Amino acid sequence: QVQLVESGGGLVQAGGSLRLSCAASGSISGFNAMGWFRQAPGKQRVLVATVTSVGITNYADSVKGRFTISRDNAKHTVYLQMNSLKPEDTAVYYCGANRYGVYAAWGQGTQVIVSS
């Protein structure tokens, strides 16, 4: 079972940027997709962005044009570049690994706080 570890969260002012990283303990090339999710206080975890094994990306409408997901299979790492951050982006961000349509592995999360 691959282990995922997120990093890069923190406190940033609105309009600022952060880059999240998700480091896997092993190869991620065998997963159909890697995804970033977020969970705000009192709310459900929602999908933010995904990248397939062949590099096709997909984004939630709320982050399109501001966030960019990418993967580096050689480094077993997935990234989420977040620009033009808004207070409503405040959440714990999680990385997940998808195999055959199921997110079978999760990281522990990294907190992002965007101040107004």
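Every value quoted in this text rests on a predicted model; they were computed, and no experiment measured them. (Residues numbered from 1 in each chain as written. Predicted model: local features only at pLDDT ≥ 70, side-chain atom pairs only at ≥ 80, totals over all residues. Heavy atoms only, no water.)

Chemist: I'd like a rundown of unusual backbone geometry, residues and numbers included.
Modeler: Positive phi, close to 50°, is recorded for Ser 84, a residue that is not glycine. Since its relative accessible area comes to 41%, Ser 84 is described here as partly exposed. Phi at Tyr 100 takes a positive value of approximately 55°, unusual for a residue other than glycine. Within the secondary structure, Tyr 100 sits in the loop between strand S9 (91-99) and strand S10 (102-106). (Buried < 20%, exposed > 50% of the residue type's maximum accessible area, 1.4 Å probe, protein only. Helix = DSSP H or I, 4+ residues; strand = E, 2+ residues; numbered from the N terminus.)

Chemist: Quick one: what's the story with the packing of aromatic side chains, residue by residue and with numbers?
Modeler: All chains considered together, the criterion is met by 3 aromatic pairs. Ring geometry for Phe 37 and Trp 106: centres 4.8 Å apart, planes at 65°, overall edge-to-face. Highlighted residues: Phe 37 in strand S4 (residues 33-39) and Trp 106 in strand S10, separated in sequence by 69 residues. With a centroid separation of 5.7 Å and 35° between ring planes, the pair formed by Tyr 103 and Trp 106 is classed as tilted. For Trp 106, a relative accessible area of 35% translates into the label partly exposed. Through a chain of ring-to-ring contacts, the aromatic side chains of Phe 37, Tyr 103 and Trp 106 assemble into a single cluster. The ring of Trp 106 carries Arg 45 above its face, with NZ or CZ at 4.7 Å from the centroid. (Phe/Tyr/Trp six-rings, centres within 6.5 Å; stacked < 30°, edge-to-face > 60°. Lys NZ or Arg CZ within 6 Å of the ring centre and 35° of its normal.)

All quantities given are derived from atomic positions and should not be read as evidence of function.
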